[in-house]
Amino acid sequence: MTESKLHQLLSAAVVRLLRPLVRLLIRNGMSFGTFSDLAKRVFVDIADKDFAIDGKKQTVSRVSVITGLSRKEVSRVLSLPAVADDSAQQEQYNRAARIISGWVNDPDFQNQNDQPAQLPIEGDEKSFASLVKKYSGDVPVRALLDELLRVGAVIKQKNNMLLLKERAYVPRAGDLENVAILGVDVAGLLNTIDNNLRPDERQSLFQRKVYYDNLPEEALQELREMTREHGQALLEKLNKWMMQQDRDTSANSSGTGRMAAGVGVYLFEEKIEEEIKR
């Protein structure tokens, strides 16, 4: 493939992926100037850290050549204050997700039918407090319970026993955790695509989809339900295996290095603005 053709395809792909992102940014009040500074910051950071020559200190001049920004602009970007991270929201999401995952998969918190058991709030064994201690460490039990009650994942019954209603932690629309998920989930997909596009000897990562562009609107509700049912079942199966491998949730896990890995399932829809095909 010629470099010109590659740039044409890449430009088309960037425009396509930017459309939903820009729509989200405008809806939430981010201006082009702010987005531009963030994009420049990432260009400079990636050029500085990922494209340095081994054994040589990266220079402003070389970053300028790689990014196409002037040396003055590179220096300005490097002097900008650091962007506040989203670690607090992401950690809250991770803790809540681990709690529900443990409740669903750990036999210590299941009933005789291998389903999530109803739990008392306090207690040394088979309680919500012991579940929190095992899967989220030394964090306030009440804070996690209040969050799961707020999003409707857990219901407190009249006898004060807790019933798990949702087998996954899904923040409500408008919650800050959803913004944090944007950065993590979309970045994960793009990293997979980047890995699979590289011409070197990297191992290909699983990346598949099914797509049809002439479905009737009436079919979408059943598709949503099928995706929720089968997608959730797949994720629970993978989650159970990953819990057994992760050192934070399994004392028997061994091996070298520290890796992060995940699998995502999502449904996408769009309205085709054209005459229905016959």
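Just so you know, these numbers come straight off a predicted model, no measurement behind them.

Conventions we followed
- Residues numbered from 1 in each chain as written.
- Predicted model: local features only at pLDDT ≥ 70, side-chain atom pairs only at ≥ 80, totals over all residues.
- Heavy atoms only, no water.
- Axes fitted to C-alpha atoms, helices over the stretch in contact; angles between N-to-C directions.
- Helix = DSSP H or I, 4+ residues; strand = E, 2+ residues; numbered from the N terminus.
- Left-handed = near helix turned anticlockwise from the far one by under 90°.
- Contact = heavy atoms within 4.5 Å.
- Nonpolar A, V, L, I, M, F, W, Y, C, P; charged D, E, K, R; others polar.
- Core = buried A, V, L, I, M, F, W, Y, C linked by side-chain atoms within 4.5 Å.
- Buried < 20%, exposed > 50% of the residue type's maximum accessible area, 1.4 Å probe, protein only.
- Patch = residues over 30% accessible without salt bridge, like charges linked within 9 Å, V, L, I, M, F, W, Y side chains within 5 Å.
- Areas by Shrake-Rupley, 256 points an atom, 1.4 Å probe, with all protein chains shown as cover.
- Salt bridge = Lys/Arg side-chain N within 4 Å of Asp/Glu carboxyl O.
- Parallel < 35°, antiparallel > 145°, perpendicular 65-115°, else oblique.
- Lys, Arg positive; Asp, Glu negative; His and termini not counted.
- Charge placed at Lys NZ, Arg CZ, Asp CG, Glu CD.

Peer 1: Which residues make up the packing of helix α2 (residues 32-50) against helix α3 (residues 60-67), and what are the values?
Peer 2: At their nearest, the axes of α2 and α3 sit 9 Å apart, and the two run at 115° to each other. Here the hand of the crossing between α2 and α3 comes out right-handed. Of the residues in α3, those touching α2 at Phe-43, Val-44, Ala-47 and Asp-48 are Val-63, Ile-66 and Thr-67. When the residues that make up the contact of α2 with α3 are grouped by side-chain class, the tally is 5 nonpolar, 1 polar and 1 charged.

Peer 1: Any details on the nonpolar core? Residues and values, ideally.
Peer 2: Judged by nonpolar contacts, the single largest core of 26 residues is most densely connected at Ile-99, Trp-103, Phe-128, Leu-131 and Leu-148. Elements supplying a minimum of two residues to this core: α5 (87-105), α6 (128-136), α7 (141-150) and β2 (162-164). With near-sequence residues (within four places) excluded, Leu-131 lies in contact with Ile-99, Gly-102, Trp-103, Phe-109 and Leu-119. Counting residues in each nonpolar core, the second largest holds 6 residues, with Ala-47, Val-63, Val-74 and Val-77 among its members.

Peer 1: Got a sec to walk through a nonpolar patch on the surface? Specific residues and values, please.
Peer 2: Together, Leu-10, Val-14, Leu-17, Val-186 and Leu-190 make up an exposed nonpolar region whose accessible area comes to about 390 Å². Secondary structure elements with two or more residues in the nonpolar patch: α1 (3-27) and α8 (176-197). When residues in the nonpolar patch are grouped by element, the largest group, 3 residues, is from α1. Its place among the elements puts Leu-17 in helix α1.

Peer 1: Go over unusual backbone geometry with me, naming the residues and quoting the values.
Peer 2: Here Asp-114, not a glycine, exhibits a phi torsion of approximately 60°, which is positive. Take Asp-114: it is sitting in the loop between α5 and α6. Although it is not a glycine, Lys-126 adopts a positive phi angle of roughly 45°. With respect to the helices and strands, the residue Lys-126 is situated in the loop between α5 and α6. On the basis of relative accessible area, Lys-126 is assigned to the partly exposed category, the value being 38%.

Peer 1: Help me get a handle on the pattern of salt bridges, residues and values and all.
Peer 2: Per the counting criterion, the structure on display carries 13 salt bridges. For the salt bridge of Asp-37 with Arg-76, the shortest nitrogen-to-oxygen distance reads 2.7 Å. Of the two residues, Asp-37 is situated in helix α2 and Arg-76 in helix α4 (residues 71-78); the sequence distance between them amounts to 39 residues. Residue class for Arg-76 comes out partly exposed when judged on its relative accessible area of 30%. Across the pair Glu-147 and Arg-150 runs a salt bridge, and its minimum N-O distance is 3.0 Å. Taken together, the residues Glu-147 and Arg-150, both in helix α7 and 3 residues apart, mark about one turn of the helix. For Glu-147, a relative accessible area of 10% corresponds to the buried category. Arg-150 sits in the partly exposed class, given a relative accessible area of 32%. A single salt-bridge network, built from bridges that share partners, covers Asp-37, Lys-40, Glu-73 and Arg-76.

Peer 1: Outline the side chain of Thr-192, supporting the account with residue identities and numerical values.
Peer 2: Checked against the element boundaries, Thr-192 lands in helix α8. For Thr-192, a relative accessible area of 17% gives the class buried. For Thr-192, the residues in contact, after removing those within four places along its chain, are Leu-205, Phe-206 and Gln-207.

Peer 1: Before we move on, could you go through the environment of Val-63 and cite the residues and values that matter?
Peer 2: One can find Val-63 in helix α3. Taking the relative accessible area as the measure of exposure, Val-63 reaches 4% and is therefore buried. The spatial distance from the C-alpha of Val-63 to the C-alpha of Glu-222 is 51 Å, given a sequence separation of 159 residues. Every residue in contact with Val-63, bar those within four places of it in the chain, is listed here: Val-44, Ala-47, Asp-48, Gln-58 and Val-74.

Peer 1: Tell me about the packing of α2 against α4, and name the residues and values.
Peer 2: Their axes nearest at 10 Å, the elements α2 and α4 cross at an angle of 100°. It follows that α2 is roughly perpendicular to α4 by the angle criterion. Residue-level inspection shows Asp-37, Lys-40, Arg-41 and Val-44 of α2 in contact with α4, the latter providing Glu-73, Val-74, Arg-76, Val-77 and Leu-78. Per-class residue counts for the contact of α2 with α4 are 4 nonpolar, no polar and 5 charged.

Peer 1: Now, about a positive patch on the surface: what can you tell me, with residues and values included?
Peer 2: The grouping of Arg-16, Arg-19, Arg-23, Arg-27 and Lys-209 at the surface amounts to a positive patch. With respect to the helices and strands, the residue Lys-209 is situated in the loop between α8 and α9 (220-245).

Peer 1: How would you sum up the side chain of Gln-110? Please name residues and give values.
Peer 2: With respect to the element layout, Gln-110 can be found in the loop between α5 and α6. Discounting chain neighbours no more than four positions away, the residues touching Gln-110 are Trp-103, Val-104, Asn-105, Gln-115, Pro-116, Ala-117 and Lys-126.

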